[in-house]
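Structure assessment
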Number of protein chains: 2
Amino acid sequence: MANRRASITDLAKALGLSPSTISRALSNHDDVSEATKVRVRQLADELHYQPNQLAAALRRGRSNTLGVLVPHITGHFFPQVVHGIATEAAKQGFNVMICQSNEDTRQEQKNIDLLMNSQVEGILVSLANSTHDFSHFEAVRQQNIPLVFFDREVEDFQGSNVSSVLFDDYHGAYQAVTHLIEQGCVRIAHFRGPLHLNIHKNRLQGYRDALTDHHLPIDEALIVLCEMTPKGGGQAMRQLLKLSRRPDAVFSANDLAAVGAMQVAKAHRLRVPTDIAFIGFSNELFTTFTEPMLSSVDQRCDQMGKTAVQLLQKMLKGGPNRVGPPKPIVLKPKLLVRESSQRK
Amino acid sequence: MANRRASITDLAKALGLSPSTISRALSNHDDVSEATKVRVRQLADELHYQPNQLAAALRRGRSNTLGVLVPHITGHFFPQVVHGIATEAAKQGFNVMICQSNEDTRQEQKNIDLLMNSQVEGILVSLANSTHDFSHFEAVRQQNIPLVFFDREVEDFQGSNVSSVLFDDYHGAYQAVTHLIEQGCVRIAHFRGPLHLNIHKNRLQGYRDALTDHHLPIDEALIVLCEMTPKGGGQAMRQLLKLSRRPDAVFSANDLAAVGAMQVAKAHRLRVPTDIAFIGFSNELFTTFTEPMLSSVDQRCDQMGKTAVQLLQKMLKGGPNRVGPPKPIVLKPKLLVRESSQRK
DNA sequence: ATGAAAGCGCTAACAT
DNA sequence: ATGTTAGCGCTTTCAT
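Residues numbered from 1 in each chain as written. Chains lettered and ligands numbered in written order. Predicted model: local features only at pLDDT ≥ 70, side-chain atom pairs only at ≥ 80, totals over all residues. Heavy atoms only, no water.

A separate point is the protein's contact with DNA strand C. Taken together, the neighbourhood of DNA strand C is formed by 25 residues, with R24 and R59 of chain A together with I8, Y49 and R59 of chain B sitting nearest. Looking at DNA strand C alone, sugar and phosphate atoms form 63% of those within 4 Å of the protein. In the environment of DNA strand C, a phosphate oxygen lies 2.9 Å from a nitrogen or oxygen atom belonging to the side chain of T21 of chain A. A distance of 3.4 Å separates a phosphate oxygen of DNA strand C from a polar side-chain atom of R60 of chain B. Elements with a minimum of two residues in the surface near DNA strand C: α2 (19-26) and α4 (53-60) of chain A together with α2 (19-26) and α4 (53-60) of chain B. The element contributing the most residues to the surface near DNA strand C is α4 of chain B, with four residues. (Near = heavy atom within 4 Å. Polar contact = N/O pair within 3.5 Å; in protein donor to acceptor, adjacent residues only side chain to side chain. Helix = DSSP H or I, 4+ residues; strand = E, 2+ residues; numbered from the N terminus.)

See below:
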């Protein structure tokens, strides 16, 4: 049978004190005598007293909870970011409520509502792919609840309590391709994803600019739209191998496709990296399990989560007298050179 | 400026009605006139009224929130399970609060406390590796808060509102080892984890029984306690290779250790699977990227999350007149045979 | 150093 | 069909 939980009132009655004193004692308030504190704590322990956060939050007007809204918690990236968020939030004393939009705008709206109703003190969002209408974020802005977009951002959505944490995809791609050039590669192919996503647009642009800046021609036949899976990468690779002049390197917009391509290349008796070098993107766990190990651009996903929470925290503390929103934070990528691209 | 949010009281005053009527209208209660409902909804929309869940939860004594406690949200397994949980919980109209223990018992205790304080209606837990002392779950049991252990369970922790969703590790291991025997392996090693975790105990027992049932001797020297990482697996492998009679197969309690071991074996010029075969456990994404591809036992992780929530839901609905706790649910494994164990 | 009292926003039993 | 009242458990101002 569910014993009703001991409340402050219960403690008060049992000790012949007032609820206010109990409350103060439990929160270690200065002007409660040490003796009383001891008595209170002891009884609280004995009765397994559990403070009711709901009540405290309601009274204080502060829920101590952050809301997180991600497209989903699968794959590599989002779990990692969520991990970073949860860890940092815990460190700062916040609870975390997590919702998934399943890449669906309607669910995103519903979840934003839900988070607001739950009186979260701030919201961290990565947009659903399909989201073009941003009216549901209006409410957040109006209530002046701090809002941080990460990875996927709403463009032109300004506000004094709105900011973002992004990843410099352009620079990551640029670094990767430059490294390939330095290794002596001259026909570098690129596997790209759909360009309505900024990440793919930027990675492609980084690729182009790196080539141009190093006086290499851009051959559109070497830029292949492919599904970002091992299978997709494999198909793209086969397509490239049919060219009269095959590429001597592949920079893929993700690791999965790179691995698939590498497998196909090896099946065609090409030596990696001597005949053809590979670089992926995201530094997935498995990149060190392939043979040769796959070079990749590391995104520091947990760093992104951590940074996002810190940014939010800054807004919460900033108060109303802060001038303007905190600047968006752009995380720098790091190229990890492994065997698949190391020719020298 | 943070406009104070409109409350029910505000709506009541503005419309010249009582708060109770507003409350009833908003929750579409039967005995409010349609006309009133319309008026109320309209004004609510206009003022962007957001119900305060905190207050409602406090009043109702029901928070509409489930607590989730996992060792971490990284790797393959836990994100997948959490995804299953979050999805199913959303479907059932629950919010989800997520905590990580970081495999640390003290944090686990703190998080359980936190969840209880947050008045969650039920808790889903996968234990930290290091947890030997279960006193923190006593409180949960005493408060009669439904508790579901998944994947990692506390043995001998019974209660009318305690249950679990497990994976049939024994059977998975048994299948894996039987398969190795059928491939002609006769000296099969096992990498095991710490045995206070049932998953490892059961995997070990499945290993033993499969050998015995097929009339193979059990050589304790072939059973190695190792850290479940590539590095740990590598070390264990080196240890095995020093034996006068090395093993001709390894069944590892997880994929990471298997991969590490496989790399070491290959570095020693052993051919996989001809000289030595490998099977891992969990069917991580990267198992298809290794060379040769790693055979593994698939756990259907998202199914586990979904099932766990459904079980919890059953307890919540069951009420106090239910007889005994719901039976633990055991999910069946599936052996995926890939190159690393396929000799014929 | 402690107590009395009010109220956070909501709901539900009990009126009318 | 609507209103009155009380209270969920806690914190905090204002006494004393």
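In the vicinity of DNA strand D lie 25 residues, with I8, Y49 and R59 of chain A together with S20 and R59 of chain B positioned nearest. Atoms of DNA strand D within 4 Å of the protein belong to the sugar or the phosphate in 58% of instances, the rest to bases. Contact between DNA strand D and S18 of chain B: a phosphate oxygen at 2.7 Å from a main-chain N or O atom of the residue. In this structure, T36 of chain B approaches DNA strand D through a side-chain N or O atom, which is 3.0 Å from a phosphate oxygen. Counting only elements with at least two residues in the surface near DNA strand D, the list comes to α2 and α4 of chain A together with α2 and α4 of chain B.

If you rotate chain A by 178 degrees and push it 0.9 Å along the axis, it lands on chain B with an RMSD of 2.0 Å. Overall, the copies show the geometry of a two-fold rotation axis. (Least-squares fit on C-alpha atoms with pLDDT ≥ 70 in both.)

Turning our attention to the nonpolar core. In this structure, F191 and F278 of chain A together with F191 and F278 of chain B are the most contacted members of the largest nonpolar core, which totals 145 residues. L69 of chain A together with C99, V125 and V162 of chain B belong to the second largest nonpolar core, which has 37 residues in total. (Core = buried A, V, L, I, M, F, W, Y, C linked by side-chain atoms within 4.5 Å. Buried < 20%, exposed > 50% of the residue type's maximum accessible area, 1.4 Å probe, protein only.)

Residues and elements named next belong to chain A. Strand order in the open sheet formed by six strands is β7-β6-β8-β9-β10-β12, with mixed pairing between adjacent strands. The outermost strands of the open sheet, each flanked by one partner alone, are β7 (223-225) and β12 (334-336). With strand direction ignored, the average angle separating the axes of adjacent strands in the sheet is 20 degrees. Against the sheet, helix α8 (residues 169-182) touches β6 (188-192), β8 (249-252), β9 (277-282), β10 (295-298) and β12, its axis set at about 165 degrees to β9. (Pairing = 2+ DSSP bridges. Axes fitted to C-alpha atoms, helices over the stretch in contact; angles between N-to-C directions. Contact = heavy atoms within 4.5 Å.)

Next up on the list: the interface of chain A and chain B. A common way to report how large an interface is uses the accessible area buried once the components associate. Opposite the 52 residues of chain A that make contact, chain B presents 51 residues. Between chain A and chain B, a total of about 4800 Å² is buried, with carbon and sulfur atoms accounting for 54% of that surface. Its largest share of buried area at the contact with chain B, chain A owes to R5, L54 and F289 of chain A, together 15% of the area lost on that side. Here chain A is connected to chain B by two salt bridges. Residue E291 of chain A pairs with K266 of chain B through a salt bridge whose shortest N-O separation is 2.4 Å. At the junction of chain A and chain B, the tally comes to 18 residue pairs in polar contact (both at pLDDT 80 or more). Sorting the residues of the side of chain A that touches chain B by element identifies α4, α5 (77-91), β2 (95-100), α6 (105-117), α7 (135-142) and α11 (255-267) of chain A as the ones contributing at least two each. No other element matches α5 of chain A, which puts six residues into the side of chain A that touches chain B. (Buried area = accessible area lost by both parts, 1.4 Å probe. Salt bridge = Lys/Arg side-chain N within 4 Å of Asp/Glu carboxyl O.)

Further remarks concern the pairing of β2 of chain A. The side chains of a regular strand alternate, residue by residue, between the two faces of the sheet. Residues and elements named next belong to chain A. Within β2, six of the six residues are buried, leaving the element largely enclosed by the surrounding structure. Taking every second residue as pointing to the same face, both faces of β2 are buried, with N95, M97 and C99 on one and V96, I98 and Q100 on the other. Of the pairings in the sheet, the one linking strand β1 (residues 65-70) to β2 comprises six bridges and is parallel in character. Following the sheet pairing, G67 is matched in β2 by M97. Between the parallel pair β1 and β2, the chain is carried across by α5, and the sense of this crossover is right-handed. (Right-handed = clockwise from strand over helix to strand, strands pointing away.)

Looking now at unusual backbone geometry. The linkage connecting V272 of chain A with the following residue, P273 of chain A, adopts the cis geometry, with an omega of 5 degrees. Its location among the elements puts P273 of chain A in the loop between α11 and β9. Backbone torsion omega between E291 of chain A and P292 of chain A reads -5 degrees, so that peptide bond is classified as cis. In this structure, N28 of chain B is a non-glycine residue whose phi angle is positive, near 55 degrees. Relative to the elements of secondary structure, N28 of chain B occurs in the loop between α2 and α3 (34-46). Of the residues examined, N28 of chain B reaches a relative accessible area of 46% and is grouped as partly exposed. Even without glycine at this site, S282 of chain B takes up a positive phi of about 120 degrees. Along the chain, the position of S282 of chain B falls in the loop between β9 (277-279) and β10 (296-298).

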